[in-house]
Amino acid sequence: MVSHNYFVYILTNPKKTTLYIGMTNDIARRLEEHSENAGNLSTFAGKYFCHLLMCYERFSSVEHAIAREKELKKWSRDKKDALIK
């Protein structure tokens, strides 16, 4: 059986004032893309320089990963900060 990996991740900027939540199947590649896009005003993460990984969760089902990403995006900042800690 083939094992798949999907990641939901939270990034922040150097001052830790903004959070970005995303989902990918290749976290190393995606983190590199975020770093390369720092300062790019056409993307949210780029505009706010969000390229520092705070935490991530791994899923074997893309449906579960998407559901978790949507769930986290609805959370308050305090709840997200508690998850990160």
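Our structure is the block above this text.
What this report covers is the structure whose coordinates are included nearby. (Residues numbered from 1 in each chain as written. Predicted model: local features only at pLDDT ≥ 70, side-chain atom pairs only at ≥ 80, totals over all residues. Heavy atoms only, no water.)

1. Remarks on the pattern of salt bridges
According to the stated counting rule, one finds 7 salt bridges in the structure shown. For the salt bridge of R29 with D26, the shortest nitrogen-to-oxygen distance reads 3.9 Å. When its relative accessible area of 32% is taken as the criterion, D26 is described as partly exposed. Taking the shortest distance from any N to any O, the salt bridge between E69 and K73 comes out at 3.2 Å. Of this pair, E69 and K73 both sit in helix α3 (residues 62-74), 4 residues apart, which is roughly one turn of that helix. Residue E69 is classed as buried on the basis of its relative accessible area, which comes to 14%. Relative accessible area serves as the criterion here: at 47%, K73 is assigned to the partly exposed category. Through salt bridges with shared partners, a single network forms among D26, R29, R30 and E33. (Salt bridge = Lys/Arg side-chain N within 4 Å of Asp/Glu carboxyl O. Buried < 20%, exposed > 50% of the residue type's maximum accessible area, 1.4 Å probe, protein only. Helix = DSSP H or I, 4+ residues; strand = E, 2+ residues; numbered from the N terminus.)

2. Here we look at the packing of aromatic side chains
According to the stated counting rule, one finds 4 aromatic pairs in the structure shown. When the ring of Y20 is compared with that of F44, the centres are 6.2 Å apart and the planes differ by 25°; the resulting orientation is stacked. Here F44 lies in helix α2 (residues 44-47) and Y20 lies in strand β2 (residues 19-24), a separation of 24 residues in the sequence. Judged by relative accessible area, Y20 falls into the buried class, the value being 18%. Ring centres 4.9 Å apart and planes at 45° place the aromatic pair F44 and Y48 in the tilted group. The exposure class of F44 is partly exposed, given its relative accessible area of 42%. Through successive ring pairs, a cluster of aromatic residues spans Y9, Y20, F44 and Y48. Taking NZ or CZ as reference, K79 lies 4.5 Å from the ring centre of W75, over its face. (Phe/Tyr/Trp six-rings, centres within 6.5 Å; stacked < 30°, edge-to-face > 60°. Lys NZ or Arg CZ within 6 Å of the ring centre and 35° of its normal.)

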